Amino acid sequence: CHAVFAWQDRIHTYLEIEITMLQTHQGAQHMTLKRNFLAWAIYFAFVIADVALSWHDRIIAFHGTHGAGKALVWSAFFAFTAYSMYCSSKENIFGSIGKMFQLHWGRQVGLDLYIGLLLFLCMINMHSGFSMLLFWALPILLFGNLFTLLYLALNFESLIAIFAG
């Protein structure tokens, strides 16, 4: 009889620990969802501002010599945005970056990303001028290649004209 009570105590303690861990996990998930919502709200605010500022009639035109390339860039932008939203629903980006930066290659990949983003910002300066560089710098540095793809899609024809011809 004493052994049964001992097992009941162990099971009760185990269940209390599990419930506490679940509540902590749910609380952390709730905070992550709040942070994710805020981050995506900022992202879409930048997207709307960038599209509005860069609007021209050819943004949604996919015909002509380079129509397929432009469609590919837009497709990559939408697919990468969707995949990034999926990833943010599965885990916290800051926790993942923290884990990556514990590794030498993780730091190297992060450095490589930001060198590439800074080079892309230099291209924006050459293409659109310093004021546009300032406008695009914050979203690109915060959201990375989600915004380099958007810039490429919005300015596809004029970039092709400069670099191809």
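Look up a bit, the structure's there.
Residues numbered from 1 in each chain as written. Predicted model: local features only at pLDDT ≥ 70, side-chain atom pairs only at ≥ 80, totals over all residues. Heavy atoms only, no water.

Chemist: How would you summarise helix α2 (residues 67-90) if you had to cite specific residues and measurements?
Modeler: Over its 24 residues, α2 runs 35 Å from end to end, which matches the ideal 34 Å to within 8%, given 1.5 Å per residue. Here α2 has its buried residues at G67, K70, V73, W74, F77, T81, S84 and S88. (Helix = DSSP H or I, 4+ residues; strand = E, 2+ residues; numbered from the N terminus. Expected span 1.5 Å × (residues − 1). Buried < 20%, exposed > 50% of the residue type's maximum accessible area, 1.4 Å probe, protein only.)

Chemist: Break down the nonpolar core for me, citing the residues and quoting the values.
Modeler: Residues Y43, I124, W136, I140, F147 and L150 are the most contacted members of the largest nonpolar core, which totals 28 residues. Elements supplying a minimum of two residues to this core: α1 (2-54), α2, α4 (104-128), α5 (130-143), α6 (145-154) and α7 (156-164). Apart from residues lying up to four places away in sequence, Y43 is in contact with F77, T81, F143, L146 and F147. (Core = buried A, V, L, I, M, F, W, Y, C linked by side-chain atoms within 4.5 Å. Contact = heavy atoms within 4.5 Å.)

Chemist: Describe in detail the side chain of K70, supporting the description with residues and values.
Modeler: Note that K70 resides in helix α2. Judged by relative accessible area, K70 falls into the buried class, the value being 1%. Reaching out from K70, the side chain makes a polar contact with the side chain of E157 at a distance of 2.8 Å. (Polar contact = N/O pair within 3.5 Å; in protein donor to acceptor, adjacent residues only side chain to side chain.)

Chemist: Break down α5 for me, citing the residues and quoting the values.
Modeler: With 14 residues, α5 should cover 20 Å at 1.5 Å per step; its first-to-last C-alpha distance of 20 Å lies within 8% of that length. At W136, α5 shows its maximal bend, which comes to roughly 35°, and the proline P139 appears one to four places after that position. Inspection of α5 places M132, L133, W136, A137, P139, I140 and F143 among the buried residues, and these make up the whole buried set. Just downstream of α5 lies G144, where phi reads positive at about 60°. (Bend = angle between axes of the 7 residues up to and from the residue.)

Chemist: Would you mind going over the side chain of S88 in detail, with residue names and values included?
Modeler: The residue S88 is located in helix α2 in this model. Within the local environment of S88, its side chain forms a polar contact with the backbone oxygen of M85, the two atoms lying 2.9 Å apart. If we skip the residues at most four places from it in the chain, S88 touches N36 and W40.

Chemist: So what's going on with the packing of aromatic side chains? Which residues, and what values?
Modeler: In this structure the tally under the stated criterion is 15 aromatic pairs. Look at Y43 and F143: their rings are 5.3 Å apart centre to centre, the planes differ by 65°, and that puts the pair in the edge-to-face class. Remark: F143 occurs in helix α5 and Y43 occurs in helix α1; sequence separation between them is 100 residues. Residues Y43 and F143 agree in their burial class; the two are buried. Where F46 meets F147, the ring centres are 6.1 Å apart and the plane angle is 85°; that geometry is what we call edge-to-face. Here F46, found in helix α1, pairs with F147, found in helix α6; they are 101 residues apart in sequence, far enough to count as distant. Take F46 and F147: they sit in the same class, and that class is buried. Linked through ring pairs, W40, Y43, F44, F46, F120, W136, F143, F147 and Y151 together constitute an aromatic cluster. For the cation-ring pair, K70 lies above F62, with the distance from its terminal atom to the ring centre recorded as 5.8 Å. (Phe/Tyr/Trp six-rings, centres within 6.5 Å; stacked < 30°, edge-to-face > 60°. Lys NZ or Arg CZ within 6 Å of the ring centre and 35° of its normal.)

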